[in-house]
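Fold and geometry: a report
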Amino acid sequence: MNSKMRSKFSIYIHWPYCLSKCPYCDFNSHISKEKIDQNKYTTLIKKELDYYSDIMSEKSVLSVFFGGGTPSLMEPSVIYNILNHIAKRFNFENPIEITLEANPTSVESDKFRHYSDFGINRVSIGVQSLNDKALKNLGRNHTSKEAISAIETAHQYFKSISLDLIYCRPGQKKKEWEKELIQALALDTHHISLYQLTIEPDTMFEKLFRSGKLILPDEELSRELYLITELLCKNYSLFKYEISNFSKRGHESVHNLNYWNSGEWIGVGPGSHSRIENQDNQRISIVNEYDPQKWEHYMRKSGFSYIEKQELTQEHIRDEYILMSMRTSKGMDINKYINLGGYLDKEKIESLTIDGYIRMDKNTNYLQITSKGSIISDHIISELAL
Ligand SMILES: C[S@@+](CC[C@H](N)C(=O)[O-])C[C@H]1O[C@@H](n2cnc3c(N)ncnc32)[C@H](O)[C@@H]1O
Ligand code: SF4
């Protein structure tokens, strides 16, 4: 088949280990007591990729993302082996976006040169804060100085650099956030992900929050912090394209946009998810075993690790579409939503529009969440989807 005709999909590779567990984090990340056998991990990831290579043989790779956990703990040879394997087993047309999430310690930034040699062209660096006291409170094991130095190193090797910050932290003041964000923007990365701190279930922060020992900024302050964030990013030519994501033109994350646009992807490694379309154009959801040891057991036994594989109902597809697309600045294609059997209540739309939470782009017929709405986006989306 002509490669131009092929439909595209993304590949997500999950590395489930970290050096320590951050108290706010509910990602699938574990502290291993023993030394991690990276060769064994590589073999099993390659095996899981093989499981998908036949299924995806008519399609071509759009992007690859190494996420975690802390994938920058991977030996460069692991990345080399996995990327080589992808090149052998799947179709792709260069250049494709290949991202690695990295923690900003010196040990990890020392590996940037090798990662770049092996094809990684985008790094997403988990800076989280440029305030050392805040970093300590977030349980991070790096300083702001190390983070800045990691970004400087990244500038030497990657054409696309993103950094993550967590704001709306306990006790955070507007002026402090303004100063910290300006400092981060001055690092001149191409992309920035700015997340308001959320209290996730079964985390240390949840315990502290429930016992009243951790108090988050109220809704009004959160809204003000969000507006400051949007404005400052715009001043530095970083444009919002998703509620928490800002980029220079042409540096939007191809990989994440594919999720938000309801594209196809395969996920390998513990706890990864996949969304693929079969020959009858039915959308299939696949969920892998979460626990790294059990994942290993399944992989050895059967060559795949999924514990759930199901055809999604139209209702499910529609709900995912509204949930994902409304987070993007482009918004939701009303016609597509209605074709998926969706219903939009006229009165609700009117009242949310009058209150300034949503707007309709009359040129594209897309429904969008405004800045005012962004801070309560989950609430607005669930109102619309009801
Ligand atoms: C997969 S995670 C972690 C990547 C990497 N291990 C690190 O910590 O830098 C991606 C991002 O999600 C954000 N994040 C994780 N938990 C969060 C929470 N509870 N609230 C807000 N942001 C969170 C952090 O900014 C983090 O960098
Ligand atoms: S935030 Fe990152 S480094 Fe911290 S535990 Fe989660 S995945 Fe690991």
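The following paragraphs examine the structure supplied in this document. The model shown is predicted, which means the values in this text are computed figures rather than measured ones.

Summed over all chains, the structure comprises 15 salt bridges. Ionic pairing is found between E242 and R327, a salt bridge with its closest N-O pair at 2.6 Å. One end of the pair, E242, is in strand β7 (residues 239-242); the other, R327, is in the loop between α12 (314-325) and β13 (332-333), with 85 residues separating them in the sequence. Judged by relative accessible area, which is 2%, E242 ranks as buried. Given a relative accessible area of 22%, R327 falls into the partly exposed group. A salt bridge links R300 to E296; its shortest N-O distance comes to 3.4 Å. Here E296 and R300 lie together in helix α11 (residues 292-302), a separation of four residues that amounts to about one turn. The exposure class assigned to R300 is partly exposed, which follows from its relative accessible area of 49%. Connected via shared salt-bridge partners are K40, E296 and R300.

What follows deals with unusual backbone geometry. That bond from G68 to G69 is cis: its omega, 25 degrees, falls within 30 degrees of zero. Among the structural elements, G69 can be located in the loop between β2 (60-68) and α2 (76-89). Along the chain, N94 connects to P95 via a cis peptide bond; the corresponding omega equals -5 degrees. Inspection of the secondary structure puts P95 in strand β3 (residues 91-102). Positive phi, close to 65 degrees, is recorded for C168, a residue that is not glycine. Structurally, C168 can be placed in the loop between β5 (160-167) and α7 (174-185). With a phi angle near 60 degrees, D202 is a residue other than glycine that sits in the positive phi range.

Criteria and cut-off values
- Residues numbered from 1 in each chain as written.
- Chains lettered and ligands numbered in written order.
- Predicted model: local features only at pLDDT ≥ 70, side-chain atom pairs only at ≥ 80, totals over all residues.
- Heavy atoms only, no water.
- Salt bridge = Lys/Arg side-chain N within 4 Å of Asp/Glu carboxyl O.
- Helix = DSSP H or I, 4+ residues; strand = E, 2+ residues; numbered from the N terminus.
- Buried < 20%, exposed > 50% of the residue type's maximum accessible area, 1.4 Å probe, protein only.

Shape is all these values report; function is a separate question.
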